[in-house]
Amino acid sequence: MWKFIFKHFNKKIKKIKIQVCLECGYFLDKIPNLQIIAIAPNIYDSHSPYKRASIKSANNMWKFIVILLENIK
């Protein structure tokens, strides 16, 4: 499945560690040893009046989630 996803988007997924997603932090505090993956479209000027998201990136996230759900066993 992952090879299909990589091929579909024509790029490798990057593993990065950043401080985002308040909900992820909440669940990590409550459930020891939980592993979390947070995904999101590209967001620019976060926490400002000019905050915006990339429509192309949001569409790619939607496709990714659909493929992921179709292949969960």
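Structure: above.
Cut-offs used in this document
Throughout, residues of each chain are indexed from 1 in the direction in which the sequence is written. Per-residue local features of the predicted model are confined to residues with pLDDT of at least 70, and side-chain atom pairs are confined, for both listing and counting, to 80 or more; whole-chain, interface and lining totals are unaffected and use all residues. Water and hydrogen atoms play no part in the side-chain values, which are based on all heavy atoms of the structure. For helices the rule is a DSSP run of H or I covering at least 4 residues; for strands it is a run of E covering at least 2, with both sets numbered from the N terminus onward. Accessibility here uses a 1.4 Å probe with only protein chains present; expressed as a share of the type maximum, an area under 20% marks a residue as buried, one over 50% as exposed, and anything in between as partly exposed. In this description, contact between two residues means that some pair of their heavy atoms is separated by no more than 4.5 Å. Here the accessible surface of atoms and residues is derived via Shrake-Rupley with a 1.4 Å probe, and residues count as covered only by protein chains that are part of the display.

Asks: Help me understand the overall build of the protein chain in this model?
Replies: In terms of helices and strands, the protein chain carries three helices and two strands. Traced from its N-terminal end to its C-terminal end, the protein chain shows the element sequence α-α-β-β-α. Every one of the 73 residues in the protein chain was classed for burial, and the buried ones make up 8%. A separation threshold of at least 6 residues defines the contact pool for the protein chain, and within that pool the share at least 24 residues apart is 37%. When the accessible surface of the protein chain is split by element, carbon and sulfur atoms take 59% of a total near 7,300 Å².

Asks: Which parts of the structure should I look at to understand the side chain of Ser57?
Replies: With respect to the helices and strands, Ser57 occurs in helix α3 (residues 55–70). Judged by relative accessible area, Ser57 falls into the buried class, the value being 11%. Ignoring anything within four residues of it in the chain, the contact list for Ser57 reads Pro41 and Asn42.

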